[in-house]
Amino acid sequence: MARTERQTGRQAEYACPACKKPVATVLARHKTLGIFVPHWGPGDCRNPACHRYTEPDRDVPAGRGAHSTRR
């Protein structure tokens, strides 16, 4: 890769600590020195056999959960 190109691909996926299945990446943001800084983290486990399973909200469109950046 040339020095002028940016690496934009995913490096790794998050996994549920209980069942080790992959989970979605969730984007959140926090304010630092007057600007909002993105922070990516693991989402909820969607494996029904896992004890950390959470049901998806039916009234919230996909991609607009509790960690949504748009209001």
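Above this note sits the structure.
Let me sum up the structure you'll find in this document. (Residues numbered from 1 in each chain as written. Predicted model: local features only at pLDDT ≥ 70, side-chain atom pairs only at ≥ 80, totals over all residues. Heavy atoms only, no water.)

1. Observations regarding the overall build of the protein chain
Now for step 1: In terms of helices and strands, the protein chain carries zero helices and two strands.
Now for step 2: Taking the intrachain contacts of the protein chain between residues at least 6 apart in sequence as the baseline, contacts between residues at least 24 apart amount to 29%.
Now for step 3: When the accessible surface of the protein chain is totalled, it reaches about 6600 Å², and 51% of it is carbon and sulfur. (Helix = DSSP H or I, 4+ residues; strand = E, 2+ residues; numbered from the N terminus. Contact = heavy atoms within 4.5 Å. Areas by Shrake-Rupley, 256 points an atom, 1.4 Å probe, with all protein chains shown as cover.)

2. Points about the pairing of strand S1 (residues 25-32)
Now for step 1: Pairing of S1 with strand S2 (residues 35-42), which is carried by eight bridges, proceeds in the antiparallel orientation. Looking at S2, one finds that Thr 32 is bridged to Ile 35.
Now for step 2: Connecting S1 to the antiparallel partner S2 that follows it, the hairpin turn spans two residues, and Leu 33 within it adopts a positive phi of roughly 55°. (Pairing = 2+ DSSP bridges.)

3. Here we look at the packing of aromatic side chains
Now for step 1: Taken as a whole and assessed by the stated rule, the structure comprises zero aromatic pairs.
Now for step 2: If you follow Arg 29 out to its NZ or CZ, it ends over the ring of Phe 36, 4.2 Å from the centre. (Phe/Tyr/Trp six-rings, centres within 6.5 Å; stacked < 30°, edge-to-face > 60°. Lys NZ or Arg CZ within 6 Å of the ring centre and 35° of its normal.)

4. Some remarks on a nonpolar patch on the surface
Now for step 1: There is a patch of nonpolar side chains on the surface, built from Tyr 14, Leu 27 and Trp 40 and spanning about 290 Å² of accessible area.
Now for step 2: Assignment of secondary structure puts Trp 40 in strand S2.
Now for step 3: In this structure Trp 40 comes out as partly exposed when scored by relative accessible area, which is 48%. (Patch = residues over 30% accessible without salt bridge, like charges linked within 9 Å, V, L, I, M, F, W, Y side chains within 5 Å. Salt bridge = Lys/Arg side-chain N within 4 Å of Asp/Glu carboxyl O. Buried < 20%, exposed > 50% of the residue type's maximum accessible area, 1.4 Å probe, protein only.)

5. Points about the environment of His 39
Now for step 1: Looking at where His 39 falls in the secondary structure, it is placed in strand S2.
Now for step 2: Using a relative accessible area of 46% as the deciding quantity, one classes His 39 as partly exposed.
Now for step 3: In this structure the C-alpha to C-alpha distance between His 39 and Val 26, which are 13 residues apart in sequence, comes to 8.4 Å.
Now for step 4: Discounting chain neighbours no more than four positions away, the residues touching His 39 are Val 26, Leu 27, Ala 28, Arg 29 and His 30.

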